[in-house]
Amino acid sequence: MSRDDVPVLTTHDASLRVRGRTLFAGLDLSVDAGELVAVLGPNGSGKTSLFRAILGLERLATGSIELLGEPARRGDRRIGYVPQQRIWPRGMPMLGRDLVMMGRTGARFGIPVAGRADREAVARAIWSVRAESLAHRPVGDLSGGEQQRLRIAQAIVDEPRLLLLDEPLSSLDLRNQGEIVELVDRLRESGTAVLFIAHDVNPILGSVGRIVYLAQGRHRVGTVDEVLTTESLSELYGTRVEVVRIDDATGSGPARVFVAGVPEHGHHHPAQDRDDDEVARLERSA
Amino acid sequence: MNWADVFDYSDYGRILALVSNSVIACAILGIVGGLIGVFVIQRDMAFAVHGISELSFAGAAAALLIGVDVLVGSVVGSLLAAAIIGLLGARARDRNSVVGVLMPFGLGLGILFLALYPGRSANKFGLLTGQIVAVGGGQLWALIGVSAVVFAVLLLIWRPLAFDSLDPDVAASRGVPTRRLSLVFMLLLGLMVAVALQIIGALLVLALLVTPAAAASRVTHSAVMIPVLSMVFGLVSALGGILIAIGSTLPVSPFITTISFVIYLVCRDVGRTRDIRRFRRAAEARTLETA
């Protein structure tokens, strides 16, 4: 069996509970090479926790997650991960290439000397995100978009089969958003499977294959036309939600989708609105 | 006061030979202190270092009182403090309050033990402000041994520790054992504080464990150059300090702290001048683009 026959990522009946709250239950998903799946949903709905489960940082309550047919485990180098962006402040003690090198050698113990293969892999990753001019600049001096390009270079330095991007477009202006989307699309076309958490689906509507929509402890999986409809989202939220689709007037560009009436803070306590990551970290240290 | 009574370099060579142990100890402390300081800065632990050193002082004072080797006492105190801070203060905000609670307690305990100690008061004061010249042969080997262990372990865990310090989310996803690593780092830090206390005193440990790395990160952002420069600055401060001090009747600590402070000031200025120049160049590039 060639490795292209096996889906890159599969989840069977996956359920995740954090602090007694069910984020999703019975999630069945299969992502193939070269496919981009958008993960949507309101704050606190478990998008980041789903990523953490795939990365082996969060234990499922039921079900399983497999990467290329084997159970997913922590530290798998076939997964690249770009976490939700915090902008690095001025004075961060690393240059652009140091950041990318950490993705390559950062988990290795032993005398810290980078080999030739490592240096070449770093140069390749930096080249593929067009960040050659950023390699020798302090990370803290770079703009949000430039930092994000380097983060993606860090995530792809081992040529992963699966790329997890957590809101990679947040805090970027339109031009930078466009550049990142184009870059992700190139990676997808070269065979990488991409899971993309987005606050707004419109910037990636042209390249997205399917959607995982998480809300209220439930989920929907399907194409844009199946999931982003008034009926489907109203049923998911348990309240009337309007989905408006505007087709491009010229007929050349992609349509745009707008969702109105989502109860952002409806069914859980505001205190739980804090970042899933934070909650998980608190639980680990408890 | 007559300065000739304070500084007298006429018998320098002979005195240097007498205190060569202390000179070696200082040089090693400067290098390893500079190296570990890189992570003290990156992990935002300057205050924790100060807290550990006060408990280390309490341990040393207790050792003095009951007649045990002072180094052993300060290592026990340090490790205890490092373990408490490491276990209770994983997050920066918790850590600072844990340190703030521990520090006066340690200092108070130490003062109690010293008050009960019947010996000479110069020994007592030395624990707080430094007593390098008192390093004997056996103690020197202990200092060298502990520093060498810290240096070696630090080198072996360098990349995962840096990854965890700078980019913790991605480090965890890459399988870096973040919790165990930060505990190991706390223990190394505890050992290094105990060693530094013997030479520069509990109150001044920061001058060798924080200042050199802070200075280095003012002039470079490179992950390779920061530790290299920090070790050089630590070595220059500690070695320079003792070489001046042995010709004087003054303790070594003020020389070390002053040299490392001056290095920091110079680095700050160099860094700022360069930043300004870089901004100006960037601004010029932008105006050319729009023109």
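Everything numeric here is computed off the predicted structure, so don't read it as measured data. (Residues numbered from 1 in each chain as written. Chains lettered and ligands numbered in written order. Predicted model: local features only at pLDDT ≥ 70, side-chain atom pairs only at ≥ 80, totals over all residues. Heavy atoms only, no water.)

1. Thoughts on the sheet that holds strand β3 (residues 36–40) of chain A
Residue and element names in this part refer to chain A. Strand order in this open sheet of six strands is β6-β7-β8-β3-β9-β10, and the pairing throughout is mixed. Only two strands of the sheet have a single neighbouring strand rather than two, namely β6 (79–82) and β10 (218–222). Sheet twist, expressed as the average angle between the axes of neighbouring strands with direction ignored, equals 15 degrees. For strand β7 (residues 162–166) and strand β8 (residues 193–197), the ladder comprises five bridges, and the chain directions are parallel. Looking across to β8, one finds that L164 is bridged to L195. Sitting on the sheet, helix α4 (residues 144–156) is in contact with β6 and β7, with an inclination near 160 degrees to β6. Of the strands in this sheet, β3, β7 and β8 touch helix α5 (residues 174–189), which is tilted by about 150 degrees from β8. (Pairing = 2+ DSSP bridges. Helix = DSSP H or I, 4+ residues; strand = E, 2+ residues; numbered from the N terminus. Axes fitted to C-alpha atoms, helices over the stretch in contact; angles between N-to-C directions. Contact = heavy atoms within 4.5 Å.)

2. Things to note about the interface of chain B and chain A
Contact residues are listed per partner, giving 30 residues for chain B and 39 residues for chain A. A per-residue breakdown of the area chain B buries against chain A is headed by R159(B), R174(B) and H221(B), which together make up 28% of the total. The salt bridge partner of R151(A) is D167(B), with a shortest N-O separation of 4.0 Å. At the junction of chain B with chain A, the criterion picks out 10 residue pairs in polar contact (both at pLDDT 80 or more). Of all the secondary structure elements, the ones that give two or more residues to the side of chain B that touches chain A are α8 (137–156), α9 (158–166), α10 (168–173), α11 (178–200) and α15 (253–290) of chain B. Of all the elements, α9(B) adds the most residues to the side of chain B that touches chain A, at six residues. (Buried area = accessible area lost by both parts, 1.4 Å probe. Salt bridge = Lys/Arg side-chain N within 4 Å of Asp/Glu carboxyl O. Polar contact = N/O pair within 3.5 Å; in protein donor to acceptor, adjacent residues only side chain to side chain.)

3. Overview of the environment of L155(B)
With respect to the secondary-structure elements, L155(B) resides in helix α8. Using a relative accessible area of 24% as the deciding quantity, one classes L155(B) as partly exposed. It is 24 Å that separates the C-alpha atoms of L155(B) and S74(B), two residues lying 81 residues apart in sequence. Excluding anything up to four places from it in sequence, L155(B) contacts G110(A), I111(A) and P112(A). (Buried < 20%, exposed > 50% of the residue type's maximum accessible area, 1.4 Å probe, protein only.)

4. Describing helix α5 (residues 70–88) of chain B
Residues and elements named next belong to chain B. Its 19 residues place the ends of α5 27 Å apart at the C-alpha level, agreeing with the 27 Å of an ideal helix rising 1.5 Å per residue. Of the residues making up α5, those classed as buried are V70, L71, G73, S74, V75, G77, S78, A81, A82, I85 and G86. A side-chain oxygen of the first residue of α5 lies 2.7 Å from the backbone nitrogen of L71; this N-cap is D69. (Expected span 1.5 Å × (residues − 1).)

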